[in-house]
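Read off the chains here:
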Amino acid sequence: MEEKVISKAVISRLPRYYRYLGELLESGVERISSNELSTRMKVTASQIRQDLNNFGGFGQQGYGYNVKYLYTEIGKILGIDRQHNLIIIGSGNLGQAIANYANFEKRGFLIKGMFDINPRLIGLVVRGIEIRSVDDLEQFIVDNQVEIAALTIPKSKATEIADRLVKAGIRAIWNFAHVDLNVPDNVVVENVHLSESLMRLSYRMCSLDKGKDLDEAD
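Residues numbered from 1 in each chain as written. Predicted model: local features only at pLDDT ≥ 70, side-chain atom pairs only at ≥ 80, totals over all residues. Heavy atoms only, no water.

Asker: Would you mind going over the packing of aromatic side chains in detail, with residue names and values included?
Answerer: Evaluated as defined, the whole model comprises six aromatic pairs. Taking 5.6 Å as the distance between ring centres and 90° as the angle between the ring planes, the aromatic pair formed by Phe104 and Trp174 counts as edge-to-face. Here the residue Phe104 occupies a position in helix α6 (residues 103-106), and Trp174 occupies one in strand β8 (residues 172-175), the gap between them amounting to 70 residues. You can call Trp174 partly exposed: its relative accessible area is 22%. Here a set of aromatic residues connected by ring pairs shows up, and it is made of Tyr101, Phe104, Trp174 and Phe176. (Phe/Tyr/Trp six-rings, centres within 6.5 Å; stacked < 30°, edge-to-face > 60°. Helix = DSSP H or I, 4+ residues; strand = E, 2+ residues; numbered from the N terminus. Buried < 20%, exposed > 50% of the residue type's maximum accessible area, 1.4 Å probe, protein only.)

Okay, here's the thing in structure tokens:
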């Protein structure tokens, strides 16, 4: 049977479901209806049901969703029910900020190493992780069974490093470099372009301002 294709929009909402369900668990909530979850998340109840039906539904008519069960199942769907070894290439301000964010470990992402080309950074320790030279990259990936690499380096170096990562067996790249990477189909890339995100924020802000201008003109 052909595997069902899940839309990017649905996938993008799954981490939000996971986060809200985690907050409900911490508050001691045992079950919740799609309408109640809709109010919290500002997503329609119909959309929530459609999203979850892509993976089997999980709810019961007249009962709603068991919060702990749904939280666990979405964790499995997202693949965060197991450990993923991760490295950071580029140990400047952004790379160090990522290394210092302890919540990644709670989600199963264990930072095993950090790398840089700057001799002033090599040898420094960030949250117990020593910054290494990129010369050690390939062997470290093999020795530590690394699956994911975060790229926080200038775009001029990103393509070269990405090629090395792919050849070393990296399965996924979390790309903060402002460049589109050309990788094989069996390697996943998640682009995080901070400036583009800020421009989208600016667009939305300007759209609100234009709406106000139209209201005032009326």
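Asker: Any details on the packing of helix α2 (residues 34-41) against helix α3 (residues 45-53)? Residues and values, ideally.
Answerer: It is at 8 Å that the axes of α2 and α3 come closest, and there the two elements cross at 110°. In terms of their interaxial angle, α2 and α3 are classed as roughly perpendicular. Here α2 contributes Ser34, Asn35, Leu37 and Ser38 to the contact with α3, which in turn contributes Ala45, Ile48 and Arg49. Among the residues making up the contact of α2 with α3, the classes are represented as three nonpolar, three polar and one charged. (Axes fitted to C-alpha atoms, helices over the stretch in contact; angles between N-to-C directions. Parallel < 35°, antiparallel > 145°, perpendicular 65-115°, else oblique. Contact = heavy atoms within 4.5 Å. Nonpolar A, V, L, I, M, F, W, Y, C, P; charged D, E, K, R; others polar.)

Asker: So what's going on with the pattern of salt bridges? Residues and values would help.
Answerer: All chains considered together, the criterion is met by six salt bridges. Salt-bridge contacts for Arg13 lead to Asp51; the nearest nitrogen and oxygen are separated by 2.6 Å. Pair noted here: Arg13 is in helix α1 (residues 8-26) and Asp51 is in helix α3, with a separation of 38 residues, a long-range link. Exposure class is identical for Arg13 and Asp51. Each is buried. Residue Glu73 is joined to Lys76 by a salt bridge in which the shortest nitrogen-to-oxygen separation is 3.3 Å. With Glu73 and Lys76 both in helix α4 (residues 67-78), this residue pair falls three residues apart, about one helical turn. Residue classification places Lys76 among the partly exposed positions, given a relative accessible area of 42%. (Salt bridge = Lys/Arg side-chain N within 4 Å of Asp/Glu carboxyl O.)

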